[in-house]
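Each chain, letter by letter, is given below.
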Amino acid sequence: MPSAGRGPGAARVLGRALRLRCPRCGATPLFPRRFSMARRCALCGLRFERAPGYFVGAIYINYAVTVGLAVGGYLLLWSLTGLSTAAQLALWVPVVALFPLWFFRYSRSLWLAVELLVNPEP
Ligand SMILES: [Zn+2]
């Protein structure tokens, strides 16, 4: 639970997000089942989806991390190994297709954590 007057610090909130736990208290999982998100925290009551369309921001996080991974990976491999563009595409297209599916839960969790830090729920 947050201390009186101040919530948990940014590092703690983001750490909880990376563990897919409630960003405010850290006690409950955001995803009790694999891809099904809980509506609110059973302990502290934090609503996870604050409004319809709330998780559009999570799509931006997912997109940014995916692009950063693919472009960064492409440039790193290009500079270290000189792989051809065709070989790079054969490697990175499946990554770009599958990584967002794996990262889906983390992008939602990170979005919720960032939003909690910027705009704490009363
Ligand atoms: Zn909680």
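Quantities reported herein were computed from a predicted structural model and do not represent experimental measurements.

Q: Just give me the short version of the side chain of arginine 24, but keep the residues and values in it.
A: Structurally, arginine 24 can be placed in the loop between helix H1 (10-18) and helix H2 (56-81). Polar side-chain contacts of arginine 24 include one of 3.1 Å to the backbone oxygen of cysteine 44.

Q: Residue-level account of a nonpolar patch on the surface, with values.
A: On the surface, a cluster of nonpolar side chains totalling about 530 Å² of accessible area is made up of Tyr63, Val67, Val71, Leu75 and Trp78. Tracing the sequence through the fold places tyrosine 63 in helix H2. According to the relative accessible area criterion, tyrosine 63 is exposed, its value standing at 59%.

Q: Lay out the coordination of the zinc ion with the relevant residues and their values.
A: Within the protein, the atoms that donate to the zinc ion are Cys22 (SG), Cys25 (SG), Cys41 (SG) and Cys44 (SG), at distances of 2.2 to 2.3 Å. Each of the four donor atoms bound to the zinc ion contributes to angles spanning 103 to 119°, and the resulting shape is tetrahedral. Summarised as a motif, the one-chain spacing of the donors to the zinc ion is C-x2-C-x15-C-x2-C. Cysteine 44 shares its class with cysteine 41; the two are buried.

Q: Explain the nonpolar core to me, using residue names and the numbers behind them.
A: Judged by nonpolar contacts, the single largest core of 23 residues is most densely connected at Cys22, Met37, Cys41, Leu46 and Phe48. Where this core is concerned, the elements lending two or more residues are H1, H2 and helix H3 (85-118). Sorting elements by how many residues they give to this core places H3 first, with seven residues. Once you skip the residues sitting within four places of it in the chain, cysteine 41 turns out to touch Cys22, Cys25, Thr28, Leu46 and Phe48.

Q: Outline the confidence of the model for the protein chain, supporting the account with residue identities and numerical values.
A: When pLDDT is averaged across the protein chain, the result is 91; 93% of the residues are at 70 or more. The low-confidence segment residues 1-5 (pLDDT under 50) makes five contacts with residues lying over four places distant or belonging to another chain.

Q: Summarise the environment of threonine 66; cite the residues concerned and give the values.
A: For threonine 66, the position within the fold is in helix H2. Remark: the alpha-carbon pair of threonine 66 and leucine 98, spanning 32 residues in sequence, is separated by 9.7 Å. Among residues more than four places away in sequence, those in contact with threonine 66 are Val96, Phe99 and Pro100.

Q: Quick one: what's the story with unusual backbone geometry, residue by residue and with numbers?
A: A positive phi angle, near 60°, is found at leucine 20, a position not held by glycine. Structurally, leucine 20 can be placed in the loop between H1 and H2.

The rules behind each value
Residues numbered from 1 in each chain as written. Predicted model: local features only at pLDDT ≥ 70, side-chain atom pairs only at ≥ 80, totals over all residues. Heavy atoms only, no water. Helix = DSSP H or I, 4+ residues; strand = E, 2+ residues; numbered from the N terminus. Polar contact = N/O pair within 3.5 Å; in protein donor to acceptor, adjacent residues only side chain to side chain. Patch = residues over 30% accessible without salt bridge, like charges linked within 9 Å, V, L, I, M, F, W, Y side chains within 5 Å. Areas by Shrake-Rupley, 256 points an atom, 1.4 Å probe, with all protein chains shown as cover. Salt bridge = Lys/Arg side-chain N within 4 Å of Asp/Glu carboxyl O. Buried < 20%, exposed > 50% of the residue type's maximum accessible area, 1.4 Å probe, protein only. Donors = N, O, S within 2.8 Å, 3.2 Å for Na, K, Ca; no water. Tetrahedral: all angles 85-135°; square planar, octahedral: opposite > 155°, others 65-115°. Core = buried A, V, L, I, M, F, W, Y, C linked by side-chain atoms within 4.5 Å. Contact = heavy atoms within 4.5 Å. pLDDT = per-residue confidence, 0-100.

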